[in-house]
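The lines below spell out each chain.
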Amino acid sequence: MAVAALYTQYNRVWIPDPEDVWKSAEIAKDYRVGDKVLRLLLEDGTELDYSVDAGSLPPLRNPDILVGENDLTALSYLHEPAVLHNLRIRFAESKLIYTYSGIILVAMNPYKQLPIYGDAIIHAYSGQNMGDMDPHIFAVAEEAYKQMARNNKNQSIIVSGESGAGKTVSARYAMRYFATVSKSNSNAHVEDKVLASNPITEAVGNAKTTRNDNSSRFGKYTEISFDERNQIIGANMRTYLLEKSRVVFQGVRRNSLTRGWAAAP
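What you see is a predicted model; the values in this text were computed from it and never measured.

1. Digging into the confidence of the model for the protein chain
Part 1: When pLDDT is averaged across the protein chain, the result is 83; 82% of the residues are at 70 or more.
Part 2: Scored below 50 in pLDDT, residues 250–265 shows 16 contacts in the model against residues more than four places distant or in partner chains.

Here it is as structure tokens:
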């Protein structure tokens, strides 16, 4: 049977774990359609009878030869545990923070400065096709810049992520790349000029979160304009999707005597 043969050939699976989220296990006994339990052997040597049915079989683990791939789409099995494991191996063991998922770049925030954003790295990615070199924010920026110059069409790079993921820094690196490869002399620090307006928008659009004391609670759409020589001539930033509940207002306190509201001191 197809299912039984599949679970015999690939004898390692992922099972949910309350502490590690996902835990690897080896199938100790061949599965047959209709079996209610799957006999598993955990990595610590513990045997486990895992309850299953035909519609809830645990996800299969990728062969070791595929672990650490720089493109998630190259994995035989692309599911949550496979993605998390691949990212962990690249980040913890290979010290790599970038991974492709097709045309999407996944970035892990190392929470420290890395020597991978200098001018030498920029020039190394300039003119290269996306996928020719290791995953990098510069590769994404180069692809957008090349498509704009070649096809004379507007390009967009979407930078998204949770609070503290590093969205602002990633946008800064992309703008630095454009300023360098376009050889825009007077606009060599365009990213600094654009981000200099941040304090104004952050004054009314930031809030403290569990992961970031100064988290931007609004989306930023930045337009970078180029001339016919593909050099930067200016930039415009406007906000969108502002969480209006974050807009500052005067605090109030309850007056127990008058049973009314009064301005907080």
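2. Describing the pattern of salt bridges
Part 1: On inspection of all chains with the given rule, the structure shows eight salt bridges.
Part 2: Glu47 is paired through a salt bridge with Arg39; the nearest N and O atoms lie 3.4 Å apart.
Part 3: Look at Glu47 and you get exposed, because its relative accessible area is 52%.
Part 4: A salt bridge links Arg39 to Asp49, with the shortest nitrogen-to-oxygen separation between them at 2.4 Å. One end of the pair, Arg39, is in strand E3 (residues 37–42); the other, Asp49, is in strand E4 (residues 47–51), and ten residues separate them in sequence.
Part 5: Looking at Asp49, the relative accessible area reads 44%, which means it is partly exposed.
Part 6: Where salt bridges share partners, they join Arg39, Glu47 and Asp49 into one cluster.

3. So, the pairing of E4
Part 1: Inspection of the sheet shows E3 paired to E4 by five bridges, in the antiparallel sense. For Leu41, the partnering residue across the bridge sits in E4 and is Glu47.
Part 2: Between the antiparallel neighbours E3 and E4 lie four residues, among them Gly45 with a positive phi of about 95°.

4. With respect to the side chain of Lys146
Part 1: Relative to the assigned elements, Lys146 resides in helix H4 (residues 137–151).
Part 2: From its side chain, Lys146 meets the backbone oxygen of Gln128 in a polar contact 3.2 Å long.
Part 3: Here Asn129 takes part through its side chain, which lies 2.7 Å from a polar atom of the side chain of Lys146.
Part 4: Every residue in contact with Lys146, bar those within four places of it in the chain, is listed here: Gln128 and Asn129.

5. Details of the UniProt feature "binding site: ATP" (unreviewed entry) in the protein chain
Part 1: The feature "binding site: ATP" (unreviewed entry), as given by UniProt, occupies Gly161, Glu162, Ser163, Gly164, Ala165, Gly166, Lys167 and Thr168 in the numbering adopted here. From this annotated list, the subset lining the largest pocket comprises Gly161, Glu162, Ser163, Gly164, Ala165, Gly166, Lys167 and Thr168.
Part 2: Within the element layout of this structure, Gly161 appears in the loop between H4 and helix H5 (167–181).
Part 3: Classification of Gly161 by relative accessible area gives partly exposed; the value is 43%.
Part 4: If you trace the backbone, Gly166 turns up in the loop between H4 and H5.

6. Details of the side chain of Ser24
Part 1: In this structure, Ser24 sits in strand E2 (residues 21–27).
Part 2: In this structure Ser24 comes out as buried when scored by relative accessible area, which is 4%.
Part 3: For Ser24, the side chain forms a polar contact with the side chain of Arg61, separated by 2.6 Å.
Part 4: Not counting residues up to four positions away in its chain, the partners in contact with Ser24 are Val13, Trp14, Leu42, Glu43 and Arg61.

7. Some points on the pairing of strand E5 (residues 98–101)
Part 1: Sheet topology places E5 next to strand E6 (residues 104–107); four bridges connect them, and they run antiparallel. Residue pairing in the sheet places Ser101 in a bridge with Ile104 of E6.
Part 2: Hairpin geometry of E5 and E6 is characterised by an intervening segment of two residues between the two adjacent antiparallel strands and by a positive phi of about 70° at Gly102.

Reading the values: rules and limits
- Residues numbered from 1 in each chain as written.
- Predicted model: local features only at pLDDT ≥ 70, side-chain atom pairs only at ≥ 80, totals over all residues.
- Heavy atoms only, no water.
- pLDDT = per-residue confidence, 0-100.
- Contact = heavy atoms within 4.5 Å.
- Salt bridge = Lys/Arg side-chain N within 4 Å of Asp/Glu carboxyl O.
- Buried < 20%, exposed > 50% of the residue type's maximum accessible area, 1.4 Å probe, protein only.
- Helix = DSSP H or I, 4+ residues; strand = E, 2+ residues; numbered from the N terminus.
- Pairing = 2+ DSSP bridges.
- Polar contact = N/O pair within 3.5 Å; in protein donor to acceptor, adjacent residues only side chain to side chain.
- UniProt positions renumbered as here; feature names shortened; annotations may be inferred.
- 1 Å grid on protein atoms, 1.4 Å probe; cavity = no way out; pocket = protein on both sides within 12 Å on 5 of 7 lines; lining within 4 Å.

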